[in-house]
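Structural overview for review
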Amino acid sequence: MAYDYDLFVIGAGSGGVRAARLAAMSGAKVAVAEEHRVGGTCVIRGCVPKKFMVYASEFSQSFKTAEGFGWSPAQSTFDWPTFLAAKDKEIARLSGIYVTNLRNAGADLVHSKARLLDAHTVQVDAQERSYTAGKILIATGGRPWRPTDFAGAKLAITSEEAFHLPELPKRILIAGGGYIAVEFACIFAGLGVETTLVYRGPNILRGFDDHVRAHLTEEMEKRGVTVLLGCQHRSIEKTASGLVSDLGSQHVETDVVMFALGRIPYVEGLGLEAAGVKLADNGAVAVDEYSRTNVENIWAVGDVTNRINLTPVAIREGAAFAETEFYSRPTTFDHEMVASAVFSQPPIGSVGLTEADARHKFGKIDIYLSRFRPMKVTFYGGEERALIKLVVDNATQKVVGCHIVGPDAPEIIQMAAIAMKMGVTKQQWDSTCAVHPTLAEELVTMREPYVPQELGRVA
Ligand SMILES: Cc1cc2nc3c(=O)[nH]c(=O)nc-3n(C[C@H](O)[C@H](O)[C@H](O)COP(=O)(O)OP(=O)(O)OC[C@H]3O[C@@H](n4cnc5c(N)ncnc54)[C@H](O)[C@@H]3O)c2cc1C
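Quick summary incoming for the structure in this document. For clarity, every value in this text was computed on a predicted model and none was experimentally measured.

1. Considerations on the site of the ligand
Around the ligand sit 36 residues in total, of which G15, E34, T41, K50 and D303 are the nearest. Within the backbone of N309, an N or O atom sits 3.4 Å from an oxygen atom of the ligand. Between an oxygen atom of the ligand and a main-chain N or O atom of T311, the distance comes to 3.0 Å. Against a free-state accessible area of 1,000 Å², the protein chains account for coverage of 96% of the ligand. Elements supplying a minimum of two residues to the shell around the ligand: α1 (14-25), β2 (30-34), α2 (40-45), α3 (47-68), α6 (179-190) and α9 (311-326). Counting residues per element, the shell around the ligand draws most heavily on α2, which supplies four residues. Split by residue class, the shell around the ligand holds 14 nonpolar, 14 polar and eight charged.

2. Here's the deal with the sheet that holds strand β13 (residues 251-254)
Read from one edge to the other, the open sheet built from three strands follows the order β11-β12-β13, with strand pairing classed as antiparallel. Edge strands, defined here as strands with exactly one partner in the open sheet, are β11 (235-239) and β13. Strand-to-strand twist across the sheet, computed as the mean angle between neighbouring axes with direction ignored, equals 25 degrees. Relative to strand β12 (residues 242-246), β11 is paired through five bridges, and the arrangement is antiparallel. The partner of K238 across the bridge, within β12, is L243.

3. Looking at the sheet that holds strand β18 (residues 348-352)
Neighbouring strands of a sheet are bound in pairs by backbone hydrogen bonds; such pairs are parallel or else antiparallel. Spatially, five strands are ordered β17-β18-β21-β20-β19 in an open sheet, and the strand pairing comes out antiparallel. Both outer strands of the open sheet, β17 (340-342) and β19 (365-372), are each paired with one neighbouring strand and no more. With strand direction ignored, the average angle separating the axes of adjacent strands in the sheet is 10 degrees. Inspection of the sheet shows strand β20 (residues 386-393) paired to strand β21 (residues 399-405) by six bridges, in the antiparallel sense. Across the sheet, residue V392 finds its bridge partner in β21, namely V399. The strands touched by helix α7 (residues 210-222) within the sheet are β18, β19, β20 and β21, with β20 carrying the most contacts at an inclination of about 175 degrees.

Conventions we followed
- Residues numbered from 1 in each chain as written.
- Predicted model: local features only at pLDDT ≥ 70, side-chain atom pairs only at ≥ 80, totals over all residues.
- Heavy atoms only, no water.
- Near = heavy atom within 4 Å.
- Polar contact = N/O pair within 3.5 Å; in protein donor to acceptor, adjacent residues only side chain to side chain.
- Areas by Shrake-Rupley, 256 points an atom, 1.4 Å probe, with all protein chains shown as cover.
- Helix = DSSP H or I, 4+ residues; strand = E, 2+ residues; numbered from the N terminus.
- Nonpolar A, V, L, I, M, F, W, Y, C, P; charged D, E, K, R; others polar.
- Pairing = 2+ DSSP bridges.
- Axes fitted to C-alpha atoms, helices over the stretch in contact; angles between N-to-C directions.
- Contact = heavy atoms within 4.5 Å.

Fair warning: the whole summary comes from geometry, so function is off the table for now.
This is the structure in structure tokens:
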């Protein structure tokens with residue numbers, strides 16, 4: 001049977017765009033539907049605008065630091081509308097590049113919500129018509145999860161609205177303990193907003209190494225973020241002077257309440273039932289290692305599959321799909337040793353296993369840990385501390401975990417990830433000569449295993 005397209009991609013985000021471009025470049029007839037803006041979460045309302053906000057918010061600390069180096073106090077104020085306009089201009093430019101790249105590859109772009117009518121037919125709402133396709137790729141990403149079970153929950157915003165607040169609030173409360181909550185707390189605090197982070201668990205950043213979690217909490221508090229642990233919303237009430245969050249043990253009044261309570265796969269209205277596509281128990285599209293769903297001609301990549309929800313992972317899954325299906329090169333993406341960053345202040349870079357996970361997996365492990373004031377901080381008499389931790393499998397001496405909190409940690413971790421992906425041993429790691437004077441040199445100069453002491457707040 002002749003189809004309208006060889007491949008129809010639903011969602012022009014990180015994974016969908018990469019798959020569509022590669023497939024189209026192979027000569028296949030490809031269409032991509034996007035209901036919002038091309039570029040997806042990462043470019044429009046995720047990694048990229050967030051990083052711009054991180055950059056903007058870091059200046060306040062730099063101004064303070066500068067005084068310790070002899071600069072006169074900076075008489076500078078921050079103008080939120082000016083920043084927003086510049087940010088939106090850059091996002092529009094980047095989204096335009098994605099559109100151009102898709103067109104140059106020969107893919108058709110359809111600006112519409114798309115949904116499956118059956119395993120080979122996609123309804124395109126804006127055009128009030130449907131297309132048939134030999135293969136279909138679901139790359140619809142995720143969206144913020146919002147609680148609805150307490151009064152006033154609707155008064156809160158999510159990260160989506162945080163990028164477009166009409167004015168910078170004086171006070172904000174952020175509910176959540178994941179990396180998005182932590183990053184936004186640091187952003188707003190850096191921009192001079194009185195910031196409270198509220199998390200129901202015993203410490204933030206579940207899934208990260210316990211030393212990292214405790215260390216970052218302390219560092220955030222040093223920078224003025226109030227971290228409230230072990231409590232959560234009972235209600236939010238709008239009053240004449242703001243929004244009052246009832247957290248059980250206390251009430252906190254702020255101008256804005258932001259939920260960063262996790263993200264869920266975006267499958268709503270996608271017609272998965274009509275096509276017979278099955279979901280996993282967690283609501284994600286269930287796929288095998290080749291990103292194939294239970295329906296033979298339908299695949300899914302990226303956040304909608306809820307494997308590792310990061311842009312580079314979605315891109316690699318999309319690329320692996322295209323390689324397999326359009327270049328006859330069966331390819332899977334290896335989800336082991338994927339490095340990640342938290343753009344908190346100070347930032348985190350992390351790759352491999354946490355101490356707890358490594359202990360569980362290998363039994364006997366060696367820990368190397370260093371906690372110190374970076375050179376720049378000691379110069380001006382600051383209190384900020386960096387943390388570097390290596391987790392080593394005792395039997396093989398392979399470095400199986402590397403965790404850094406401190407300046408440039410996200411940049412450093414990328415290189416550590418290369419060595420660890422290659423199976424580097426602690427001896428090989430240490431035989432690498434240091435680069436001096438840097439923070440990273442500490443990585444290759446930790447000779448003595450760490451003797452555990454009482455940790456701070458850990459889960
Ligand atoms: C605030 C925030 C910060 C983040 N920071 C980072 C970071 O620093 N580093 C990192 O690696 N990752 C980060 N992420 C995660 C990253 O953005 C995602 O992992 C990545 O965008 C996933 O790509 P994707 O292709 O799966 O989906 P998306 O990029 O979400 O793209 C899906 C697209 O599909 C469209 N769509 C959905 N349904 C339909 C439909 N039915 N019809 C048509 N179109 C549809 C959506 O509009 C969207 O454009 C962040 C996410 C958020 C929210």
